[in-house]
Each structure stands twice: as structure tokens, then as C-alpha cells.
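What follows is the residue order along each chain.
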Amino acid sequence: RDLLQTHREDDADIAMKILLQWTSHGLEDVRLVNYSVLLDLPGSSSNTITLKNSGECFYPDGQQCSRVTKTLRSQDLLYSYAAYSAKGTLEAELVDIQYGTIEDLIQVQTTTNVTKKIALMKLGQSPLLYKLSLLEDVGFGGVLLYVDPCDLPKTTDLADKAFMVSLNSEGDPSTPGYASIDGTYRNHQLNLTTLLVQPISAVLAKKLISMPDNRVQKDKCVPLQLLSTDKKIISLKIQSVTTYKTISNVIGYLKGSVFPDRYVIIGSHHSSLNTYSGQDWASSTAIITAFIQALMLKVKRGWRTDRTIVFCSWGGTSFGNIGSYEWAEDLKRVLQRNVVAYVSLHNPVRGNSTLHPVASPSLQQLAAESQSINCVEKTKCSGSNVSSVQIQGDSNFFINHLGVPATQFSYEDINTSENSSFLSEALFPMHATKTEELDPSFKLHENIAKLSGYAALEIANEPVLPFNALDIALEVQNSLRVFLGEEVEASQLLAVASRLRDTAELFQSDEMRPANDPRERAPIRVRMLNDVLQSLEKNFLVQRAPPGLYRNILYRLDERTSQFSVLLEALEHCKLHQSNETIQAALSEVLNSISSAQVYFKAGLDVFETTLAGKK
């Protein structure tokens, strides 16, 4: 509640407030780290969509354009936009492409020339950046995005609300691949896409496709669809403005007493420049602050963790994880060597019906253990399955560029629709009462703090890192087995995966078990073992992944898929371009990753054998 009262303050003020809170709880080394970055902000007036047939003009939420807009909603209207979209005006025919999947596009192209047309597309099924890259590929000029009410949980009513999305996920676009520190070269290219992109409400989507209101047939929701006979010409006007702004990260260190050069990072995010994620950041910040408060009470009594814990509150998350990318690019060499895990607190309470734990394969057992120890309320977290799927937020850099094992716990509403993955890319306006409606007693917040805190402390304190090497090998084998049903020749892949499993099994039994026995725990041996465990997942970063897909191939796209996402995408790509070059390239990327991991394990085993030959 306290945090939400500061909602309209700017980034630096909120960051300062968090810094003072953390310091007041006794965290000694807390720093404010600022970066000047290129943001794409709303213009002075809202973007508009005009129906040429009737001359009617609409705002993104479906209200008719007029000079007088309700002041309360005017902020919401301005922030209904796609950050980093192309700017300007485009008049063209509207083409309904449903979810914009490759099947949808192939079907549309059989009847329509889509060049410079405006697509009407639903969010969901796969990452937005991936779908937009396909639209650019086939020649569309613009796109209206909306969320089909049938894909949302029955409890939410967002039909008359537009939303914000960011077309950027990798930090400051003016300094791609390096940090935005003073004096660096800035690339002033304004658009990350050639498409004019505009999010709209479901109410406006309905108006554009002249859908009658009898959408609910006997309790069954009817998905929105434009009748192919209707030809709609619309004019889309986008007027956001790019400008340099300072964003702030708050970084606090609790130094470890045994391995101070090994970091467990816990990341939350705070409000950025009045954007839409009005509540999520407050939940995220409250949880990390409560955790710091609890830990510091123990520290004052003389206790310390073995490894260093780094607490991070990131700025600029909703514009594309900007704060975390810039800081991590700035400290890249240090982090490559020192970070052992990332615990994410991104949007921890999105709903209140089910716990959704995500962890990279090596941390799945720890995430499950955390649940079994911390679940008091049987109803809300009866051992939810831990999965390795793509997640939103600032864990991105750590997972995809540093190959660091990560975990995240969050509460969600149960989604009735199978199209609902990736809907969290839409940031809807949330007003101050929402969090307390979801979690009136803050019990869910407390639970997330316990689950995440337990995982973080286990990683920070266990002499041998609690990472499971064998689980990675099993996950790799499972992802391949499912995929090979798709008629792909890959006996080589299976053979390498099988060798990886054998080596991982040896490693797990010969090296991990003795090291977990206190009598066998020679410090040098533990250190060598941890060094091997710490860098395991780095082997699974592919050089290039399609936009919106993880470079770390251990994470699947969503709960419905169990294959490697780069292979899945390559298969789809073949359908669109009728060539199997992409599939061959993707197969060799995956083969190299698995082979690299196997060689890495083997080298680890060899080192132990040489060192311990005398002892054996």
C-alpha cells in the first residue's frame, strides 16, 4: 500500500525510496545505478484508428474520438500503444489473420495479397516479436493487436481496455549488445520494426469487424472473426515519440562469508515512467523488501550466507527489460564468472487461483522441494508441476546471455483457453485496488516470499550447489524424442543425447554424492565441483534464435509444447518458405549444444579423476 501511494512519482524518486527502505532494514551496501536510455513514449495525443467506410474515428479503447476525453482515462489512452513501433499514418485494407500463426498466414495468402495491408491479430499462442517478424516477412504494413475475451479467464473483464506492449526485449535499443554508459556510441535508429503496430481493446475489434453482440451461445464463448465478405479500409495513425531518459536500478549486496565471489541474484522491478504495470511492480518490490527485512534480522545476530546475495530492483522493465540488460552488459565479465543463479520476482501475483512455478531443468528439484516445505495452504499450492518454459521479465539476460539457472514462482488465474500463453505480454492498465482484491490478506505475497526465499537461501548456503545435472540430460532426451516423431532424420542427435545422459549419470553418482558427505568434503574438491555445476547451462545457448524465442534451448515455448522451440520454429518456417535449410541449421545448433555439454561433463569428470587418482 505504501508503495502504491508513490505511483505517479518518476523512476528516480521511486528508486530512491526503495534504496532508503533497504538501507533502513540494515542492508549496508546499496547503490543507485543510473543509465541514460532511449525510450519510446506516447505523444501528446492518443493514436487513432479511422474507419474509412463510415468516417468514424476511434481511440484504441473503442471510444469515439472527441476533443474531450475523461481526464482519468486520458493517461490510460495515451499508454495504449506499442513502444518502438514505426510511426506515421497508413491507410489500407484490414485483413483478419486470427493468431498470426504460420498456418493462419499461409491460409490468408492463398486468397489475399497482403502487401502493405493492415493485419488484425490476436495476442497469444506464440511470442509477439516472433509473430511480427513473420508479418514483416510476408509484407504487411501495419497490425492491430487485441486479446480475444474467449482466451482470458472468466473472472477478468478487460474487453473495453486497450493495453501497452513493447516491441523490444533486449535493453536499450540505442546501444545493442553493450551498456549505455556515458560516452558510448548511440545508434539513433528509431524503429525496431517497419510495421505500424497498435494495440486495441476487444470492444474496438468487435466494432471493426461489425460482430453482432450475441457472442455467448449457451455458455460457450464465440471467438472474434472478420467475415471474409467484409472489406474494411482503415486509417491508422501512430504518433509516439522517442526520447532519452534516465532509468535507475537499485542494487544491494549481502556479502557471503565463504564464497563472496559467487552471487545469487534476486530480481524484482519497480514502476517506470507511468507505464501500465501499475500494480505488478509494487507486489514485486514489497516481496523483495520483506525478504531483505527478514534476512537482516538474522544478519544482525551474526549470521551470514555462504555466497553473496545481490538484490536488484530493475527500472525500465516494461520497455524491454532495459535496466537489467544495461547493468548486466556493464558488468558482463564479472557476472559471467560469478553469478550462480537468478531468482525472479517478476509480477508475482497475477491471479489467485493457481501457483505457477518455473525453473530451469537443473533447479526443478529445488523448486519442487521449496513447495513441499512451504505449502501450508494445501488448496493454493498442492505441489504444482515445475516446468521450464519461457517467462516474461528481467531474468531474460541471465537465462539467454549468461546461461544462469533461474527460477520463478507466481500466482495466476487458471486459463481456460489453450491460446492463452504469451497473453502476459500485454500490459493492461491496473488501478490501485486490484492487488488487494486478488490477495486481501497478502497471504499469496507471503507465500511467494517464502518459496523464492527458500530457493535463494538453499543456493546461497549449500556447500555443493543444489543443481541437478541428470535432470538436464533427461530434459534434453525428452525434448528430442517428442521432436523425432516429426519425421526428422536425427539418429546422430539421439546418440549424442544418450552419451550426455550417461556422462551426467556418472557425474551425479561419482562426484556429487561423495561431495555431499561432510567427511569427504575437501574444500578444493567442492570448489571444482561447483565450478562445473555453475556453468552447465551455458552449453545450451545457441548463437541465434528467432525474435521472441529464447537462445537457451532448455526452455520450451509454453506448457503445451515439449520440443526444443528453435527446432519447432524451424519446422514451421519450412512450411512458409518451402525449403528445409532452416531446419538443417537449427538441427546442427542443437547438436552442437548437446555435444558441447557432453564434452564439458566429460572434462569435469577427467579433472576429478586426475586430481583424486592418488586418493582412490
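Residues numbered from 1 in each chain as written. Predicted model: local features only at pLDDT ≥ 70, side-chain atom pairs only at ≥ 80, totals over all residues. Heavy atoms only, no water.

K.L.:
How would you sum up the overall build of the protein chain? Please name residues and give values.
P.N.:
Each helix and strand counted, the protein chain has 17 helices and 18 strands in total. Out of the 616 residues in the protein chain, the part that is buried amounts to 59%. Of the contacts formed within the protein chain by residues at least 6 apart in sequence, a portion of 82% connects residues at least 24 apart. (Helix = DSSP H or I, 4+ residues; strand = E, 2+ residues; numbered from the N terminus. Buried < 20%, exposed > 50% of the residue type's maximum accessible area, 1.4 Å probe, protein only. Contact = heavy atoms within 4.5 Å.)

K.L.:
Explain the packing of helix α1 (residues 11-24) against helix α6 (residues 280-300) residue by residue, including any values.
P.N.:
Where α1 meets α6, the axes come as close as 10 Å, and the angle between the chain directions of the two elements is 20 degrees. Taken together, the axis directions place α1 and α6 in an arrangement best described as roughly parallel. In this structure, the crossing between α1 and α6 has a hand that is right-handed. Residue-level contacts link I14, I18, Q21 and W22 of α1 to W281, T285, I288, T289 and I292 of α6. Of the residues contributing to the contact of α1 with α6, the split by class is 6 nonpolar, 3 polar and no charged. (Axes fitted to C-alpha atoms, helices over the stretch in contact; angles between N-to-C directions. Parallel < 35°, antiparallel > 145°, perpendicular 65-115°, else oblique. Left-handed = near helix turned anticlockwise from the far one by under 90°. Nonpolar A, V, L, I, M, F, W, Y, C, P; charged D, E, K, R; others polar.)

K.L.:
Residue-level account of unusual backbone geometry, with values.
P.N.:
A positive phi angle, close to 60 degrees, is found at K116, a residue other than glycine. Here K116 lies in the loop between α3 (102-111) and β6 (118-122). Relative accessible area serves as the criterion here: at 54%, K116 is assigned to the exposed category. A positive phi angle is found at N321, which is not glycine, with a value near 55 degrees.

K.L.:
Just give me the short version of the pattern of salt bridges, but keep the residues and values in it.
P.N.:
Pairs can form between side chains of opposite charge whenever their charged atoms are close. On inspection of all chains with the given rule, the structure shows 20 salt bridges. E505 is the salt-bridge partner of R501, the closest N and O atoms lying 3.9 Å from each other. Of this pair, R501 and E505 both sit in helix α14 (residues 491-515), 4 residues apart, which is roughly one turn of the helix. Judged by relative accessible area, which is 28%, R501 ranks as partly exposed. One salt bridge in this structure joins K602 and D606, with 3.1 Å as the shortest N-O distance. Placement of the pair is K602 and D606 together in helix α17 (residues 581-612), with a separation of 4 residues, close to one helical turn. (Salt bridge = Lys/Arg side-chain N within 4 Å of Asp/Glu carboxyl O.)

K.L.:
Account for the side chain of T101, naming residues and giving values.
P.N.:
Among the secondary structure elements, T101 is positioned in the loop between β5 (88-96) and α3. Judged by relative accessible area, which is 16%, T101 ranks as buried.

K.L.:
Tell me what's going on with the environment of F311, and back it up with residues and numbers.
P.N.:
You can see F311 is positioned in strand β15 (residues 307-314). The spatial distance from the C-alpha of F311 to the C-alpha of L254 is 8.1 Å, given a sequence separation of 57 residues. Beyond its immediate sequence surroundings of up to four residues, F311 is in contact with W22, L27, V250, I251, G252, L254, I266, I288, F291, I292 and L295.

K.L.:
Would you mind going over the packing of aromatic side chains in detail, with residue names and values included?
P.N.:
Counting across every chain of the model gives 12 aromatic pairs. A ring pair is formed by Y325 and F397, whose centres lie 5.0 Å apart and whose planes are at 85 degrees; its orientation type is edge-to-face. Within this pair, whereas Y325 is found in helix α7 (residues 322-330), its partner F397 is found in helix α10 (residues 395-400), the two being separated by 72 residues in sequence. Each member of the pair, Y325 together with F397, is buried. Between the aromatic rings of Y342 and F398, the centroid separation amounts to 4.5 Å while the plane-to-plane angle is 20 degrees, which identifies the pairing as stacked. In this pair, Y342 is assigned in strand β16 (residues 339-344) and F398 in helix α10, connecting sequence segments 56 residues apart. (Phe/Tyr/Trp six-rings, centres within 6.5 Å; stacked < 30°, edge-to-face > 60°.)

K.L.:
Please give an account of the sheet that holds β15 that cites residues and values.
P.N.:
Strands pair in a sheet through their backbones, by hydrogen bonds, and they do so in one of two ways: parallel or antiparallel. The 7 strands are arranged β1-β13-β15-β14-β16-β18-β17 in an open sheet whose pairing can be described as mixed. Looking along the sheet, the strands with just one partner apiece sit at the ends: β1 (29-41) and β17 (354-359). With direction set aside, neighbouring strand axes in the sheet form an average angle of 20 degrees. Two strands pair when backbone bridges link them, and strand β13 (residues 241-254) and β15 are joined in this way by 5 bridges, in the antiparallel orientation. Its bridge partner lying in β15, Y253 is registered against V310. (Pairing = 2+ DSSP bridges.)

K.L.:
How would you sum up the sheet that holds strand β9 (residues 196-199)? Please name residues and give values.
P.N.:
As summarised here, the arrangement of the 7 strands in space is β3-β2-β12-β5-β6-β7-β9, forming an open sheet in which the pairing is mixed. One side of each edge strand has no neighbouring strand; the edge strands of this open sheet are β3 (57-58) and β9. By the bridge criterion, 4 bridges tie strand β2 (residues 48-51) to strand β12 (residues 233-238) in an arrangement that is antiparallel. Paired with T50 across the two strands is S235, which belongs to β12. Each of β6, β7 (142-146) and β9 is contacted by helix α4 (residues 128-138), which is oriented at about 155 degrees to β6, the strand it contacts most.

K.L.:
Which residues make up α1, and what values do they have?
P.N.:
When the terminal C-alpha atoms of α1 are compared, their 20 Å separation across 14 residues agrees well with the 20 Å that a helix rising 1.5 Å per residue should span. Among all positions of α1, only D11, I14, A15, I18, L19 and W22 are buried. The buried residues of α1 occupy one face: seen down the axis, they fall within an arc of 140 degrees. Within α1, the exposed residues directed more than 90 degrees away from the buried face are L20 and S24. On its buried side, α1 packs onto β1, β13, α6 and β15. (Expected span 1.5 Å × (residues − 1). Arc of directions from axis to C-beta.)

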